[in-house]
Amino acid sequence: MPFEFASAARIVFGEGALREVAPAAAAMGRRALLVTGSHAERAAALIGGLQSAGVSCVPFAVAGEPSVDMIRTGSRLARGENCDLVIAIGGGSVLDAGKALAALMTNTADPLEYLEVVGRGQPLKHTPVPMIAIPTTAGTGSEVTRNAVLASPEHRVKASLRSASMLARLAVVDPELTWDLPPSITASTGLDALTQLIEPYVSTRANAMTDLYCVEGMRCAAVALPRAYADGADRAARHDMSWASLLGGLSLANAGLGAVHGFAAPIGGMFPAPHGAVCAAVLPHALDVNVRALRQRAPGSDALRRYDEVARLLTGNPHATAGDAVQWIAEICRRLAIPPLRTYGVRPEDFAAIAEKAAKASSMKANPVVLIPEELIEIVTRAA
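These numbers come from a predicted model, not from an experiment.

Take the pairing of strand E8 (residues 170-173) next. With burial as the criterion, each face of E8 is covered, one bearing Leu 170 and Val 172 and the other bearing Ala 171 and Val 173. Summarising the sheet, strand E1 (residues 11-13) and E8 pair through 3 bridges and their orientation is parallel. Counted as the bridge partner of Phe 13 is Val 173 from E8. Alignment of strand E5 (residues 131-135) against E8, held across 2 bridges, turns out to be parallel. Across the sheet, the residue bridging to Ile 132 is Leu 170, located in E8.

Structure, rendered in C-alpha cells:
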C-alpha cells in the first residue's frame, strides 16, 4: 500500500536529552519565545542553558489549554519582541500553543483564517519559524504531530491548525521530565497515549509503517501505564510511557484517529475538561460501540481483525478477541480512577449537541466504521 510518512526533522529521545536543546537552539536563532505551562520556574535549568549558549528568552505562559485569543496575543508578543524561534516545554497544550505560535509569527492573518471546522481552513502561506518541542508528560505525542488544537470559545469547540510545515524542527523527549507527574495526570495522559496507539491501528488510514509503531507502543503501554500510576518513581515505566507516547504521536500524525478524539474536540470546547481526561472517559465506550457496529455491519472487515490484535497486545493472551480489549480497557480505567464526564459538567441535555458536533469532527473521518447518531449518543451517555 502506498503511503506518506512525515515527522519532526530531528528526534532526540532518552534520559538527559534536555541537554541537547541549548546547542540546537543556538543553531536556529538568537531570541526564543519560550512557551511554558503556568509554572514557568520549572524551565529554569533550560533557560540557564539557553542563555549560556547565547539564546535569549521571551517568556510566554500557557495556563490551561490554548485558545484562539491566546494565540493572537502570543504571536503579537513574539513579533514585537523580534523572536526568531519558538521553544515549547510542557504538556500537550503547551506544545500545541508553541506550534501555533511558530506558524502565526510568519503567517500574520487572524488564526481563524487557517483554523479547521470553525475557520476558513486556508493553507499557511509562509514557513513557520523553527520550533523545538519538549514534552513533560507522556501522553499527547504533540512533539511530532503537524497540528495544533485550539479552543474557540465563541463556537464552543476545539479545532486544529494543520500543516506539514508545522512539524517541529527538533523534538526532545526526556523521560526524566515526567518523573514528578502526579497519579491523576499519569493516568489521563497515559490513557490518551494508549488511545493514540489504538485508534491509528484500526484507522481507515493505517499503513505498514504506523502499524509497527502502534504494535510496539501498545505492548509497552499495557505494561508500563499501571506501573507508572502505582509508582511514579518507577524509572523503567516512565521511560516506556514516554516511548509509547512518542510512538502514538508518530502514528496519529500519519494514520489519523477515530471516535474517541472525535468526541474530545467538542467536549473540550464546551466544558472545562482536560483533553486526556476526556479521552480516558470515552475510550472504553467508543471501543465497545465500534466493535459492536463492525460485527453488525462489517463482520468480515479487517478492522475487526485489528481489534482482535489490539486485545492480544493489551492482555498478553494470544487467544484474546476484540471483546477482551473492551474489558481490559474498562478495567484499567477503573484501576486508574478515571472520572466520568459528568465530573466536568456534561449533562443529559448536552448529549445530542455533543454527538452532532462529534460526527463532524475531523478525527471521526478515520474511524473504522461510520457511527449512526444513536450510537454516538450512546457513547457519550455511557461515558457521562
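There is more to say, and it comes next.
Let us now look at the packing of aromatic side chains. Taken as a whole and assessed by the stated rule, the structure comprises 2 aromatic pairs. Both rings, one in Phe 5 and one in Tyr 213, keep their centres 5.7 Å apart while their planes meet at 55°; by these two values the pair is tilted. One end of the pair, Phe 5, is in the segment before E1; the other, Tyr 213, is in helix H6 (residues 208-230), and 208 residues separate them in sequence. Arranged with centres 5.7 Å apart and planes meeting at 65°, the rings of Phe 13 and Trp 243 form a pair that is edge-to-face. Placement of the pair is Phe 13 in strand E1 and Trp 243 in helix H7 (residues 235-255), with a sequence separation of 230 residues. Here Trp 243 falls in the partly exposed class, since its relative accessible area comes to 28%. The cationic tip of Arg 306 hangs over the ring face of Tyr 201; the distance from NZ or CZ to the ring centre is 4.8 Å.

A few words on the packing of H6 against helix H10 (residues 302-315). At a minimum axis distance of 8 Å, the contact between H6 and H10 shows a crossing angle of 35°. Along its contact with H6, which presents Asp 211, Val 215, Met 218, Arg 219 and Ala 222, the element H10 presents Arg 306, Val 310, Leu 313 and Leu 314. Considering only residue class, the contact of H6 with H10 consists of 6 nonpolar, no polar and 3 charged.

With that settled, the discussion passes to the nonpolar core. Within the largest apolar cluster, 114 residues are counted, with the highest numbers of intra-cluster contacts made by Val 35, Leu 191, Phe 263, Ile 267, Val 282 and Leu 341. At 13 residues, helix H9 (residues 275-297) tops the list of elements feeding residues into this core. Ranked by size, the runner-up nonpolar core spans 21 residues in total, among them Leu 34, Leu 50, Ile 87 and Val 172.

Before going further, it helps to spend a moment on the sheet that holds E1. Strand order in the open sheet formed by 6 strands is E1-E8-E5-E4-E2-E3, and the pairing between neighbours is parallel. Here the strands that pair on one side only, and so sit at the sheet edges, are E1 and strand E3 (56-61). Direction aside, neighbouring strands of the sheet carry axes that sit 15° apart on average. Of the strand pairs in this sheet, strand E2 (residues 31-36) and strand E4 (residues 85-90) are connected by 5 bridges, and their pairing is parallel. Bridge pairing in E4 links Thr 36 to Ile 89. Helix-sheet contacts for helix H3 (residues 68-80) involve E2 and E3, and the interaxial angle to E3 is about 165°. Packing against the sheet, helix H4 (residues 92-104) makes contact with E2, E3, E4 and E5, and its axis sits at approximately 170° to E4.

In this section: unusual backbone geometry. With a phi close to 60°, Asn 82 is a non-glycine residue in the positive phi region. Tracing the sequence through the fold places Asn 82 in the loop between H3 and E4. You will see that Val 117, though not glycine, has its phi angle at about 65°, which is positive. Within the fold, Val 117 resides in the loop between H4 and E5. What makes Val 117 exposed here is its relative accessible area of 58%.

Moving on, we come to the environment of Leu 104. Looking at the element boundaries, Leu 104 is found in helix H4. Judged by its relative accessible area of 2%, Leu 104 falls in the buried class. Considered as a pair, Leu 104 and Gly 74 are 30 residues apart in the sequence and their alpha carbons are 9.2 Å apart. Filtering out sequence-adjacent residues up to four positions away, Leu 104 remains in contact with Ile 71, Ser 75, Arg 79, Ala 109, Pro 111, Tyr 114 and Leu 161.

Bringing the environment of Pro 123 into the picture now. In this fold, Pro 123 is placed in the loop between H4 and E5. Measuring from C-alpha to C-alpha, the distance between Pro 123 and Arg 162 comes to 8.1 Å, with 39 residues separating the pair along the chain.

In this section: the packing of helix H8 (residues 259-270) against helix H12 (residues 351-360). For the pair H8 and H12, interaxial distance at closest approach is 8 Å and the crossing angle is 130°. Here H12 runs oblique to H8, going by the angle between their axes. Crossing of H8 against H12: the hand is right-handed. Listed contacts from H12 to Gly 262, Phe 263, Pro 266, Ile 267 and Met 270 of H8 are Ala 353, Ile 354, Ala 355, Lys 357 and Ala 358. Considering only residue class, the contact of H8 with H12 consists of 8 nonpolar, 1 polar and 1 charged.

Definitions and cut-offs
- Residues numbered from 1 in each chain as written.
- Predicted model: local features only at pLDDT ≥ 70, side-chain atom pairs only at ≥ 80, totals over all residues.
- Heavy atoms only, no water.
- Buried < 20%, exposed > 50% of the residue type's maximum accessible area, 1.4 Å probe, protein only.
- Helix = DSSP H or I, 4+ residues; strand = E, 2+ residues; numbered from the N terminus.
- Pairing = 2+ DSSP bridges.
- Phe/Tyr/Trp six-rings, centres within 6.5 Å; stacked < 30°, edge-to-face > 60°.
- Lys NZ or Arg CZ within 6 Å of the ring centre and 35° of its normal.
- Axes fitted to C-alpha atoms, helices over the stretch in contact; angles between N-to-C directions.
- Contact = heavy atoms within 4.5 Å.
- Nonpolar A, V, L, I, M, F, W, Y, C, P; charged D, E, K, R; others polar.
- Core = buried A, V, L, I, M, F, W, Y, C linked by side-chain atoms within 4.5 Å.
- Parallel < 35°, antiparallel > 145°, perpendicular 65-115°, else oblique.
- Left-handed = near helix turned anticlockwise from the far one by under 90°.

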